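The chain contents come next:
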Amino acid sequence: VMPEDVILSNNEILDNFICPITYAVMEDPVICIDGSTYERSAITQWLRGSNRSPTTNLVLENNVLITNITLRHLIQEYQRSRARL
């Protein structure tokens, strides 16, 4: 089984491509202190108005965002594979 086949057949992985704020496929995914991944622009805007997690509603200890490089690469590979179909 090729990695591309796993991505294309696994809806759970595809669901992880979707930002829980925008409900769109992420282009610049970042991990927040709550452990969730969001589209950078969406979570940045959210954090301007709230110190709570959009997914858990718990107070966030900080506003540090870390680029989710692995997820970004998986999304890009998925998009490339879909373009070839």
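This text goes with the structure placed above it.
What you see as residue numbers is a count from 1 along each chain, following the sequence as written. At least 70 in pLDDT is required for a residue's local features to be given in this predicted model, at least 80 for side-chain atom pairs to be given and counted, and no such filter applies to totals for whole chains, interfaces and linings, which use all residues. Only hydrogens and water are set aside; all other atoms, that is, all heavy atoms of the structure, feed into the side-chain values.

With that out of the way, let us pick up the sheet that holds strand β3 (residues 66–67). Paired strands are those between which DSSP finds at least two bridges. The helix and strand labels rest on DSSP assignments: H or I over at least four residues marks a helix, E over at least two residues marks a strand, and numbering proceeds from the N terminus. If you walk across this open sheet you meet the three strands as β2-β1-β3, and the pairing is antiparallel. Strand pairing shows two members of the sheet lacking a second neighbour, β2 (37–39) and β3, which therefore form its edges. Taken together, the three bridges between strand β1 (residues 29–31) and β2 define a ladder with antiparallel strand orientation. By the bridge assignment for β2, proline 29 is matched with glutamate 39. In what follows, residue pairs with any heavy atoms lying within 4.5 Å of each other are defined as contacts. As a rule, the C-alpha atoms of each element are fitted with a line to give its axis, helices using only the stretch in contact, and angles between N-to-C directions run from 0 to 180 degrees. Together, β1, β2 and β3 form the strand contacts of helix α3 (residues 40–49), whose direction differs from that of β2 by roughly 95 degrees. Relative to the sheet, helix α4 (residues 69–84) contacts β1, β2 and β3, its axis offset from that of β1 by approximately 155 degrees.

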